[in-house]
Every structure is written in structure tokens, then in C-alpha cells.
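Now for the letters of each chain:
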Amino acid sequence: MLAIEKKSALFAALILILACFTASIAAGVISESLEAKLTDSRADDFIRVIIAPKSMHNAAAMKAALARDYATRAERHQAAMFELKAVAEQSQVELKSILAEMESAGTARNIKAFWIDNIIEAELTISAIEDINGLADVEKISLYPEIVSMASIKGATTPLSIASAQSNLTAVNAPASWAMGYDGSGRIVCSFDSGVDGAHPALINNYRGNKGFPAAECWFSPIDTSSYPRTYAGQSSAHGTHTTGIMVGHDDATGDTVGVAPGADWIAAAAIDVPGVSIFQAFQWAADPDGNPNTVSDLPDVINNSWGIQEIGCSDVLWNVIDNVEALGVVVIFAAGNEGPFDTLRNPANRADDSLTNFAVGAWVEEDSLWYRSAQGPSDCDGVSIKPNVVAPGLNIVSSVPGGSYLPNTGTSMACPHVAGAIAILRQKNPDATVDQIKTALLNSAIDQGVAGKDNKFGWGLIDIVAALNELDALTAPSLQVAGFDKTEFNPGGIYSLSVSLKNVGANATNVNATFTSAETGILSFSPSLGFGDILSGATITSGATFDIHFDDTASPGVFYSVDMTITADGGYSKDMRLSFFLGPEGQRTFYDHINGQIKFTISNFGAYGFHNDGYTPYGYLGFQYGIDTAYTLYEGAFLIGTDSAHISDCARNVAQEPDNDFNVIGGGSIESEAPGRYADQETTSLFDDSYAEHPLGLTIKQRSYAWTDAPDLDFVILEYIITNSSGSTITNLRAGMYMDWDVVFYSQNRSDYDATEEVGYIYHPNTGKYRGVGVLNPEGLINHRPFIVGAEVSGSLFDEGQKALGLFDDSRLSWTSTSTDLSHITATGPFTLAPGATDTAAFAIIGGDTWTDFIGAVVRARQVYADLPTDVDDEGGALPHTFTLAQNVPNPFNPTTSISFTLPKSGTVKAEVFDILGREVKLLTNSFYQTGEHHLIWDGTDNDGNRVATGVYFYRILFDNTSLTKQMILMK
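About the criteria used
- Residues numbered from 1 in each chain as written.
- Predicted model: local features only at pLDDT ≥ 70, side-chain atom pairs only at ≥ 80, totals over all residues.
- Heavy atoms only, no water.
- Salt bridge = Lys/Arg side-chain N within 4 Å of Asp/Glu carboxyl O.
- Helix = DSSP H or I, 4+ residues; strand = E, 2+ residues; numbered from the N terminus.
- Buried < 20%, exposed > 50% of the residue type's maximum accessible area, 1.4 Å probe, protein only.
- 1 Å grid on protein atoms, 1.4 Å probe; cavity = no way out; pocket = protein on both sides within 12 Å on 5 of 7 lines; lining within 4 Å.
- Points joined across faces, edges and corners; volume = space filled by probe spheres on them.
- Nonpolar A, V, L, I, M, F, W, Y, C, P; charged D, E, K, R; others polar.
- Disulfide = S-S within 2.5 Å.

**Quick look at the pattern of salt bridges**
Evaluated as defined, the whole model comprises 28 salt bridges. Between Asp301 and Arg427 there is a salt bridge; the shortest N-O distance is 3.1 Å. Of this pair, Asp301 sits in the loop between helix H10 (279-286) and strand S11 (302-305) while Arg427 sits in helix H12 (residues 412-429), and the two are 126 residues apart along the sequence. Neither Asp301 nor Arg427 differs from the other in exposure class; each is buried. In this structure, Arg957 and Glu913 form a salt bridge, with 3.0 Å as the shortest nitrogen-oxygen distance. With Arg957 in strand S53 (residues 952-960) and Glu913 in strand S50 (residues 908-916), the pair connects residues that are 44 residues apart, well separated along the chain. Judged by relative accessible area, which is 2%, Glu913 ranks as buried.

Spelled out as C-alpha cells, the structure:
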């Protein structure tokens, strides 16, 4: 059966499954750990939970079916992603709508939906948990588990040369496999740990991000904006660097080798012992690091997990996600734990469905000895199953630690990466080997320790990489996969010429060609075929011609469109794949330097500013420089907005001394600049929302900036924030402010004050008279100015949401004029009240001056200049819009009707349509001429024939002046 036919059959079966699921009426089940938590919690406490909607998806069965029906890893990966995303999309719609209503009511927050497992993570009050548990489409609600690394026993830092293989590498036969030509080359290992020192000389040359691959597909850190692997503060900060070194560590300059697979690349997720991280986010990232379902060359071969969960017994809270990731082709392995010697394996390593599930690794010491603290079996899940599965060296294992040195550590955390490195080597021999084939090769080749036969100390025995290689068949036929495929922003009406590369992970292939077919409405034309010539084993070839595709201008944004691809080669080789194209923009973080002859100031499109090398990450930008002074004077700048201490969205530093990652660049939000602009010599526009916040308010924010290159307007840059309430509920007591950590001349000699008359807060150096500050320009004026002593109130773990709230809400307008120290400040405006869909504006001038007269004169001038600027929002309603905008529908979710608002900067024809999730037009709302200004449309939930449409997700698109804007809405009955 062709792969395409299999997918069609799979989809048909899925629809039947979902029909059964929706007919189910039984209520959900609260886990025992959550029940216990509920009894110890107050009514208004928020409890972090995992909600599993009902579905008939069976992860283990899918994994087995894919291994049976598909010959290559690429086919298995694509088919598995198809099913997982379809299951989540269909079964989560109504539950997400209900959670959104709870969020608006203040009983739910921090909601995250996933497809890697059909779950939704959220923080809920007790009443919300009870309400969710009573829903017919909820299978189970579980307490989010406490996931921590396994503490290892550390030795003394060692300066010794480790150019020759250490005894632990020899014990698993790694050097012998290298001599055979198998060192993991071309494969990828992934670390889920406490971060990695990516600059360590044993790791820097193996980091995939240093080989021309985008940082986003090589390093995952969901709590900050870091784009390069780093470690995080805490007792386990060296843990991830050490385990990664055991997998791949090799110093090209000295020859020092500590890794089992020194030829393999590594990627990593900061997923363990980092506050606020979700392990499900990490697994979902690793399942498709480049976000492109057409490729598997970015996919890791193995995820090393030297962590576990205590005191949850045999809870299956993580088992589905592990099975799903393995169905996608990634081997997932776990350290057994350091709480030996009896049935003490940590979850999820203790699972005992069969000898291959949740592969656990114990710590071997020497010939017939296990490390005394290495967790042993049998599994406590059934009292009989053999655990661990295998063992590897775990005593005094020398590997990399942050800072460039090496350290011996002991524990199962050190044993597990030996097996991860071995898996990379096995995949080098057979890249299409299934997860279970690799595990079986390891089990069958393991060297028995102690008493003959499998046991609960050593499992199947000590791994032997050479013997495992002999257990695994090499590929004797070609195996071709998409290695490179241009990923760009695809839009309706667009024509794109894309470069396509194929990699051969099997035997030599001759006369390779690819042909393309598609019957999807929305694609007008595409290339019929591409030629690749001969592709030798291990080689990657890019076609000499491009793949050209043209989308219809009525194609729906927010939807995947597909083209089927058949790859052929001489000798009867044929392989079916599917190329997918997501229509619509994807936001990226971008930067812009305002330079006007007096000021240099770097802004971003996510509410953070500065970024000088001596300031806050990312480095390499201008910070804030004033006049002839080339030194930076801004350590950190950030926009904040909130309603109370529990609801503040910002990108200022947090208690981990990393930027809060609250602002998300939305589609079309990259910085657009004009020089000259319509109203200033330099102008920028960008868009973000606060959907990444722990407790998002539901705000969409358009940021504008203005700078001038002629006197008397050289001493300031204006930042304007046009704030739209997209939450569906009225927002009250909303305040906005700027956090600025100025370092004026000498940071330790700074003082701070404010001027209520001119509505400006500032920091200055008392001896030189230099001033840097923030003036409030919008009519609400300055409502608060609060300085912070950096060392006592901001550094370390001090700058929490409560501290930030003081800057927005304490209304004290404090000054520090008697003493000099390192200071920062928040200068705030408001309050604003926003009805659903309503908009208001906060505006600030970022100002420099070398005397008080110059400084206060710049404040006055900035206010005069801003008053002359046209704005999107005028409190009196008199200004005309000067951009085409589309607001979120109100209400959302809705039943039976909703209002859609848009603004036009000039008169013209507007076409408004509603589409379903498959991109089919449901309703033509209008195709008429409209005057300049704001307009409203009503959709009553019917299609073009007047029939009521079903509950679900829909998209509405407005076309005007060759530009289209699209948003998503939910109809809930």
C-alpha cells in the first residue's frame, strides 16, 4: 500500500475513533496525588495540573503499526505527526474554549495545549478542577509531577590529559567501534537536563548550532531568550554539561576524548531543575526541532534523561508522551535512579509493560559489581519485571563541567549517557532502524554480569557497542530522505521557488528523481518533477532546479497545504513522502538601531531594549548611547503592563536573572522600519501579545517608535504602545510602564528622582549633572515612579512580580536624593479600562541630557512633538487610522453571534470571509466598498446556504489594498 493510501486509511480510522470519543459521557478521574493535593489546598490556590481529553488514541499501538507499515524513519515520523496533531486538534477544541472562559473568570491560568500527547497543562483553582472533572470529554486530571535531576557524587576537578580513551569507554567497547568507522558521525543526541555549557572545548565543535543550523532547532530554553546553550543557577548547574560530555565530548585541539560517540552532534533542552519549564514542551520541541514536518535530518536519534520523579509509583502521566516520541523515531532512555539497592527505580524508568518500554540504565562499577546506590528491580509496577534494562559504567566518570575543565562524577546519571552514545553509533550503521530494533540489539548483545541470566541488578548486562553493531543489520538498499527544504513564510497568492536537498542514509542510489502530485484546492501549480542524479551513501545532494509552487489568492492562512512526493532510483527503489506548507506569517524576534547623531538606541519587537555587550542579552547591539559618550548608559530596558501583582506581563529580568519571556511576536510582528517615515526621520512598527506570560492578560500590542535627525529633536526617542484588549472580558486598572536600569557615568554613584510637573522619572549622576530618563506622553500622565536599589531589590532572586508591581501600583513616586548607589526605576502611566476589543495608548519618551536644562527641555519638546503625531487611538475619537488593522472578534469563544472589527486608512473595497480549519470557505461576510475609519461585521454562525455550522475553530480573513489579515475564533455551542 502506498504511504499516501495508508495516511488516508489512518485518517478515516481516526474520524471513526473521534466519533466514538464524542459519544462518551463518563466523567473524568482525578489522580490520587491530585486528590491529596486538593485536601491540603485553599479554595483560591492555583494547582498545576495535566488534563487528558478523551480519545481512543493508543500510543503503543501506533508505534507498533508504524514500525510494521513503514520502511523508513522519515515515513514513520511524518505519519505519526499526522495522527498526533489530528487527535489533539479534534479532541481539545471545546475544552480549550472552557479553559479560556475560566481564565477570564480568574480560576485558570498558564494554559498550554500539546499534540505530542493529547493533554492540556494549566493552573486551576479547586472549583475549576471540579468543573473540568465533570466534563464528559475529560479522561483524567493529574497533578503535575515534580521532575528533578538525579544528584551525582562529585569528585575533584582534574587537569589530567584525557587524550586517550578512559576505562569507562573501553568497558563498553567504544574505541573498537571507532576503529570500525562507527563514532556517531552524522547522528544527533539530545540532552534533557539543566542546560549545557556550549562553549566547553569538548562540546563546542559538536554543537549542531555551530554547524550552520538555526539556534531554534538546536537549543530549547522556554523560560528566556537565550539563543546559545548555557547553564542555569542551582545545585545541578553542571549536570547537563557532564552528561552531554559523556555522550559526545571531544576536544579537537587537544584530542581529549570523554564521549562515547565523539562524531555525533548534540542538541539540548533546558528542561530539568529550571523553574517554570514544562517537560511536555521539551518533548514536543525535540519531536520536530525545526518545525518542518517535511524533514527528519533535524530529529535526534536519542533523548538522554538523567532525571526522574519520586513518590508517584507507577503513574502513567508521562508514558504516552514517551511512546509517541518513540513512534516518531527517537529512542528515549532514562537513568534508573540513585536510591538503591532494591525496587527503587524512579518513575518513568520503573515502567514494566515489556523489556523495551521506558528503557532504564543502571550504574555498573566493575566486573561483577553494581554501584551500591544504583536503583534495582524488580519493577514496583508489577513486582516481577526485570529492571534496569541494561547497565553502563557509572563510577568516577570523567567528563566536561562548565568553565572548560573536567570532573569525575558518580551515579546512574553518568551511566545513562553511555547508552545514548551507543544508540547514536547504532543509528550511524542503520539510520532507518526502529526504536525497538535498536533496543533489542542492545539487550541481545549485553554482557552478563554476576549470576548468569537476566537479573534485577544488571538487567540484560553491560552494554557492548561492537556486539550490538553486529546484532543490527546494515542498510543494503538506498534510503533517501528530505535533508533540506527551504522554510519561508508562505502566503495566499504567493509564488515560491524552493531549494530541495535529499540525503541518502542507505546504499548508493543512482538516477534519483522526485515527482510531485496534489489535488488540494488552494494550490494553483507546482513543479512536476526534480532530478538529483546519483547520491552516494551518506551524501546529500541539492537538485539543480528549484521546486516552484503557486498558491491561490483565496487559499486560507493558518492551514497546512500538502503536495505528495515520490522519490525513485534505479533498481526499483520508490518512496512516498508528503511536503507540507503552512500559510501565514510566523513571528520572529528582530531588532532595530535608532541612530540620529545624538542618540544610539536599540529596540526590539518583544518589549525589551538595549542589548549592549556590557548589558543584557542578547549582546552585540548599541544599548543606549548619548552625545559623544561612546560608553553604554543602559544596562537593561523593558516595557511592563499589568493589572495587579499576579498579572504582569514583561520581558524585564526575573528571579532567575533572566528576561521574563512574556511577550510573543505574533504573525506580521517583525519590525518594519521607514527612514524617512511619514512623521519622523526614523519610524518602526511591530506587533506582539502577552500570550507567553504565566498569567496572560489577553493583550495585543502594537509598538511604534519615532526618532528625528535634526535639532531640536535629537535628545529623545518616542516609544508608543497601542494596546488592544483581545481577551473577551473587560480589563480594569491596567497600567503600563518602562523599567530602565541606567548606569550614568559611574553606576554606583547614581541617584533617582521625578518631576511631577513635566511627568518624567529619571536617574542622574550628581557630580557630572548627566540625566537619563523616561517621560510620559499620553494624556493619563505619570501615575508612579519608583526607584530600585539594584543590589538590594533587583539582583539575585529579588526581582519578582511583587517588586515589579511596586513600580506600577504603589503610587509613592519615591526618590533617592540623599545617597548614591546603583539604581534602576519604573516610570508608569494609567490606569486604563478596556472593554473587549477596545484600544488605548501609552507613550513614553526615552531621553538623555547632559544638564538639567537640556534634559527637561527635551521632555517638553518630546511632549509637543508627540501631540502633533496622528495615532490609532484618540480619546476624543477625532483621529483617523493610518494603518489597516483587524481586531480579535468579540466575544470569543461565541454563540451564536460575534462581532469582527477592522480599520481602514483610506477608502476601498473590502472582502471578508470565514474559513474552517481545512481552509474551505464557510461564509462570505462582505465584498463591498468602505470609507476610511473603523467598521464592524457580524457573523451569526451560518454558512453561505444559511445552515448553522458546527462547534469548532474558524478563521476570518479581511482583504484590503492587496493586504490580507487573518485571525482565529471559536464557535462553541
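Here the narrative resumes.
**A look at the layout of surface pockets**
Gaps left between atoms are located by rolling a probe of water-molecule size over the structure's atoms. Put simply, the second largest pocket is a space of about 500 Å³. Every residue lining the second largest pocket is counted, 22 residues in all, and those nearest its centre are Ala52, Asp117, Glu139, Asp316 and Asn320. By residue class, the composition of the lining of the second largest pocket is eight nonpolar, six polar and eight charged.

**Notes on the state of the cysteines**
By definition, a disulfide links two cysteine residues through a covalent bond between their sulfur atoms. For the coordinates displayed, the defined rule picks out one disulfide. Here Cys314 pairs with Cys381 through a disulfide, and the sulfurs are 1.9 Å apart. Classification of the bridge connecting Cys314 and Cys381 rests on its S-S torsion, roughly -110 degrees, and on that basis the disulfide is left-handed. Here Cys314 is found in the loop between strand S12 (307-308) and helix H11 (319-327), whereas its partner Cys381 is found in the loop between strand S15 (369-370) and strand S16 (390-393), with 67 residues between them in sequence. Free cysteine Cys218: the closest other cysteine sulfur is in Cys190, separated by 10 Å. With relative accessibility at 0%, the residue Cys218 sits in the buried group. Its sulfur unpaired, Cys416 is 12 Å from the next cysteine sulfur, which belongs to Cys190. Given the relative accessible area of 0%, Cys416 is considered buried.

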